[in-house]
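As a plain string of letters, each chain reads:
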Amino acid sequence: MPAPRKVALFAAASVSLTTVLAGAGPATAASVAHPFPAHVTYQTGVRPSASQADQDAAVRKQYDSWKKTYLRQACGGYLVWATDDAPNKGTVSEAQGYGMNIVPLMAGYDEQAKTIFDGMWKFVQDHRDGKGLFQWVIDGKTCKYADDGTPDSATDGDLDVGYGLILADKQWGGYSAAAKDWLAKVYKYDVAPDGHLKIADDAGNDDTRPSDFMLDHLRAFAKYDTAHDWNKVVTRTEQLITQFTAKYSPNANLLSDFVVGANTNSPKPAPADHLENQPDNIVGYNSVRVPWHMGTDALLYGGKVATEVAKKESASYKSHSGGNPAKIYPHTKLDGTPTKTSDQSEVAANPVGVAAMVAGDQAWTDSLWKYMAGNPYEDTYYGETVKLLVYLVMSGNYWAP
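Computed from a predicted structure; not experimentally measured.

## Remarks on the overall build of the chain
Part 1 of the reasoning: Across its full length, the chain holds 13 helices and six strands.
Part 2 of the reasoning: Buried residues in the chain amount to 60% of all 401 residues.
Part 3 of the reasoning: When the accessible surface of the chain is split by element, carbon and sulfur atoms take 49% of a total near 14,000 Å².

## So, the packing of aromatic side chains
Part 1 of the reasoning: Taken as a whole and assessed by the stated rule, the structure comprises 16 aromatic pairs.
Part 2 of the reasoning: Arranged with centres 5.8 Å apart and planes meeting at 80°, the rings of W121 and W182 form a pair that is edge-to-face. Of the two residues, W121 is situated in helix α4 (residues 113-125) and W182 in helix α6 (residues 176-190); the sequence distance between them amounts to 61 residues. You'll find W121 and W182 in the same group, each marked buried.
Part 3 of the reasoning: Their ring planes at 50° and their centres at 6.2 Å tell us that Y381 and Y382 sit as a pair that is tilted.
Part 4 of the reasoning: With relative accessibility at 0%, the residue Y382 sits in the buried group.
Part 5 of the reasoning: The aromatic ring of W81 is capped on one face by K89, whose charged end is 5.1 Å from the ring centroid.

## Here's the deal with the packing of helix α5 (residues 155-171) against α6
Part 1 of the reasoning: Between α5 and α6, the least distance of the axes is 9 Å, while the angle of their chain directions is 160°. Overall, the two elements α5 and α6 adopt an arrangement that is roughly antiparallel. Pair α5 / α6 crosses with left-handed handedness. Where α5 approaches α6, its residues T155, D158, L159, V161, G162, L165, I166 and D169 are matched on the opposing element by S176, A178, A179, W182, L183, V186 and D190.
Part 2 of the reasoning: For the contact of α5 with α6, the per-class residue count stands at nine nonpolar, three polar and three charged.

## Quick look at the packing of α5 against helix α7 (residues 215-224)
Part 1 of the reasoning: It is at 10 Å that the axes of α5 and α7 come closest, and there the two elements cross at 55°. In terms of orientation, α5 lies oblique with respect to α7. The two elements α5 and α7 meet at a crossing, and its hand is left-handed. For the pair α5 and α7, the contacting residues are L159, D160, G162, Y163, I166, D169 and K170 in the first and D216, H217, L218, A220, F221 and Y224 in the second.
Part 2 of the reasoning: Residues that form the contact of α5 with α7 fall into these classes: seven nonpolar, two polar and four charged.

## Description of the side chain of Q55
Part 1 of the reasoning: Tracing the sequence through the fold places Q55 in helix α2 (residues 52-70).
Part 2 of the reasoning: For Q55, a relative accessible area of 2% puts it in the buried group.
Part 3 of the reasoning: A distance of 3.2 Å separates the side chain of Q55 from the backbone oxygen of P48, its partner in a polar contact.
Part 4 of the reasoning: Leave out the neighbours within four places in its chain, and Q55 touches R47, P48, A50, W369, M394 and S395.

## Let's talk about the environment of K223
Part 1 of the reasoning: For K223, the location among the structural elements is in helix α7.
Part 2 of the reasoning: Take K223: its relative accessible area is 68%, and that puts it in the exposed class.

## Some remarks on the nonpolar core
Part 1 of the reasoning: In terms of nonpolar packing, the biggest core is built from 117 residues, with F117, L165, W182, L218, W230, M294 and Y381 touching the most fellow members.
Part 2 of the reasoning: If one sorts the elements of this core by residue count, helix α13 (residues 381-394) sits on top with 10 residues.
Part 3 of the reasoning: Setting aside anything within four residues of it in sequence, one finds W182 in contact with W121, V124, R128, G132, L133, F134, D158, V161, G162 and L165.
Part 4 of the reasoning: One finds I199, F258, V260 and A270 within the second-largest nonpolar core, a separate group that totals five residues.

## What to know about the pattern of salt bridges
Part 1 of the reasoning: As enumerated under the stated definition, the model contains 14 salt bridges in all.
Part 2 of the reasoning: Between K67 and D110 there is a salt bridge, and its shortest N-O distance comes to 2.7 Å. Here the residue K67 occupies a position in helix α2, and D110 occupies one in the loop between α3 (93-105) and α4, the gap between them amounting to 43 residues. The pair K67 / D110 is uniform in exposure class, with both members buried.
Part 3 of the reasoning: Notably, a salt bridge pairs D297 with R219, separated by 2.7 Å at the nearest N-O pair. Note that D297 is positioned in helix α9 (residues 290-301) and R219 in helix α7, a separation of 78 residues in sequence.

## Some details on the confidence of the model for the chain
Low-pLDDT stretches of the model should not have their predicted coordinates read in fine detail.
Part 1 of the reasoning: In this model, the chain carries an average pLDDT of 91, and 90% of its residues clear a pLDDT of 70 or more.
Part 2 of the reasoning: Note that pLDDT drops below 50 for residues 1-30; the model gives that stretch 85 contacts with residues more than four away or on any other chain.

Criteria and cut-off values
- Residues numbered from 1 in each chain as written.
- Predicted model: local features only at pLDDT ≥ 70, side-chain atom pairs only at ≥ 80, totals over all residues.
- Heavy atoms only, no water.
- Helix = DSSP H or I, 4+ residues; strand = E, 2+ residues; numbered from the N terminus.
- Buried < 20%, exposed > 50% of the residue type's maximum accessible area, 1.4 Å probe, protein only.
- Areas by Shrake-Rupley, 256 points an atom, 1.4 Å probe, with all protein chains shown as cover.
- Phe/Tyr/Trp six-rings, centres within 6.5 Å; stacked < 30°, edge-to-face > 60°.
- Lys NZ or Arg CZ within 6 Å of the ring centre and 35° of its normal.
- Axes fitted to C-alpha atoms, helices over the stretch in contact; angles between N-to-C directions.
- Parallel < 35°, antiparallel > 145°, perpendicular 65-115°, else oblique.
- Left-handed = near helix turned anticlockwise from the far one by under 90°.
- Contact = heavy atoms within 4.5 Å.
- Nonpolar A, V, L, I, M, F, W, Y, C, P; charged D, E, K, R; others polar.
- Polar contact = N/O pair within 3.5 Å; in protein donor to acceptor, adjacent residues only side chain to side chain.
- Core = buried A, V, L, I, M, F, W, Y, C linked by side-chain atoms within 4.5 Å.
- Salt bridge = Lys/Arg side-chain N within 4 Å of Asp/Glu carboxyl O.
- pLDDT = per-residue confidence, 0-100.

The structure is reproduced here in structure tokens:
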């Protein structure tokens, strides 16, 4: 793994960890508005050929494993253990945000979903930085900020926390004020004046990170939080994608881990090792998520830019891997050529499944779906969590709030 990516009342106080993690079962609460399985009909693309029952079973199996392995009751709330990315079984905001998306989507299967979500939200509230957003890395033992300097947030975690609050509000109700307050802070501190997403709430206006380009989240924000111009963020994000790919990846439409010049009309790949100890000028452990994010926007909203990117990325990965998911590697040049053929290919391959759906490539979609079931990510939070979210999308269980 790379270096860490900078990426309500606590109702569970009387519930033991053993009780909560004992396993999920059918929910009986009548207040669940969108129970799992949701079985969404997407706007475009294909779905895996496996039966719906088998797809739902795969999601449940992955969720049970994820919950047992990575969900912790600690520091007065619930956190997602980010394994090597945070000390003492702590978390990073990216992980917590993922969890706050996953848990509301699994309500209807997991009867403890609301209890867990409230504990996760309490943890976030207890670890805000000076701008009111979520400190990006927390020690799981001391329950304190675990990086040097003044605590700050990471944009991806901030976006996912906001999206999780909207999901929770649509699922159970009662989170509207919290969600709108959170989104106001995200808009104020994580959005640059021209509308592009910064990498953190204390970052400058030059850098952006394509793995934060969660266009489906931004469209949901625009509908939910009309007090802020989220459509401006959608538009500028799409412009950046188009400007960057036209010059640096016209055929594959790949996006480097970090982009500089985001506040200009000439964005370009960041230098190698710009912010992390890896080649930030190509696709790495950050931008492996782009096919999933672009594909999700295309499936839910039919976004034209996202649809084009998803189709081209799917075709590029298929071509350069020879149609073998095991040969999709984390580090990839912007022309689609893989540059690192070691371990951890799963975290790169799984997101491509969503892009393959958008491309309408049934055989490629089925191959990626089948591969996902048989490639445990060495019991590491990042790959297993991304896998779960990809499973939710590919199985038709990822609904728009």
